[in-house]
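Descriptive structure summary
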Amino acid sequence: MNVENIHKILENKEKKEIYYDERPVWIQSVSSNIAKVGFIDNFEEKDVYIEDLYEKDLYN
C-alpha cells in the first residue's frame, strides 16, 4: 500500500478491510511512511510501514 491509498481510505466513509501480517487493523494515524495501527483482534497498537499494509481482496 502507499501513502496516497492510505489517505483515500481515511477520507472515505466506506469501510475497507486493511491487514498487516494477516491480521485485520484499523489505521489510527499516518506520519511520513509510518502508520499507527490498532489490531481489531485485541487492544495492541503498533507503528508499521505503510508498504506492509494491504487489502485482503487484492491478494486472495
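Preceding block: the structure.
First, a word on what this report is: a plain description of the structure on this page.

Calculation notes
Residues numbered from 1 in each chain as written. Predicted model: local features only at pLDDT ≥ 70, side-chain atom pairs only at ≥ 80, totals over all residues. Heavy atoms only, no water. Helix = DSSP H or I, 4+ residues; strand = E, 2+ residues; numbered from the N terminus. Rg over C-alpha atoms; globule rule 2.2 N^0.38 Å. Buried < 20%, exposed > 50% of the residue type's maximum accessible area, 1.4 Å probe, protein only. Pairing = 2+ DSSP bridges.

A short note on the overall build of the chain
If you tally the helices and strands in the chain, you get 1 helix and 5 strands. Secondary structure of the chain in N-to-C order comes out as α-β-β-β-β-β. Relative to a compact globule of 60 residues, whose C-alpha radius of gyration would be 10 Å, the chain shows 11 Å and is just as compact. C-alpha atoms of the chain, sized along the principal axes, occupy 25 × 25 × 20 Å. Across the 60 residues that make up the chain, the buried fraction comes to 25%.

Brief notes about the pairing of strand S2 (residues 23–31)
In the sheet, strand S1 (residues 18–20) pairs with S2 via 3 bridges, with the strands oriented antiparallel. What sits directly across from Ile18, in S2, is Val25. In this antiparallel pair of consecutive strands, S1 and S2, the connection spans 2 residues, and Asp21 shows a positive phi of 55 degrees. In this structure, S2 lies alongside strand S3 (residues 34–39), joined through 6 bridges in antiparallel fashion. Residue pairing for S3: Ser31 is matched across the bridge by Ile34. Counted between consecutive antiparallel strands, the loop separating S2 from S3 contains 2 residues, among which Ser32 sits at a positive phi close to 60 degrees.

Here's the deal with the pairing of strand S4 (residues 45–49)
Pairing geometry for S3 and S4, over 5 bridges, is antiparallel. Note on S4: the bridge partner recorded for Lys36 is Asp47.

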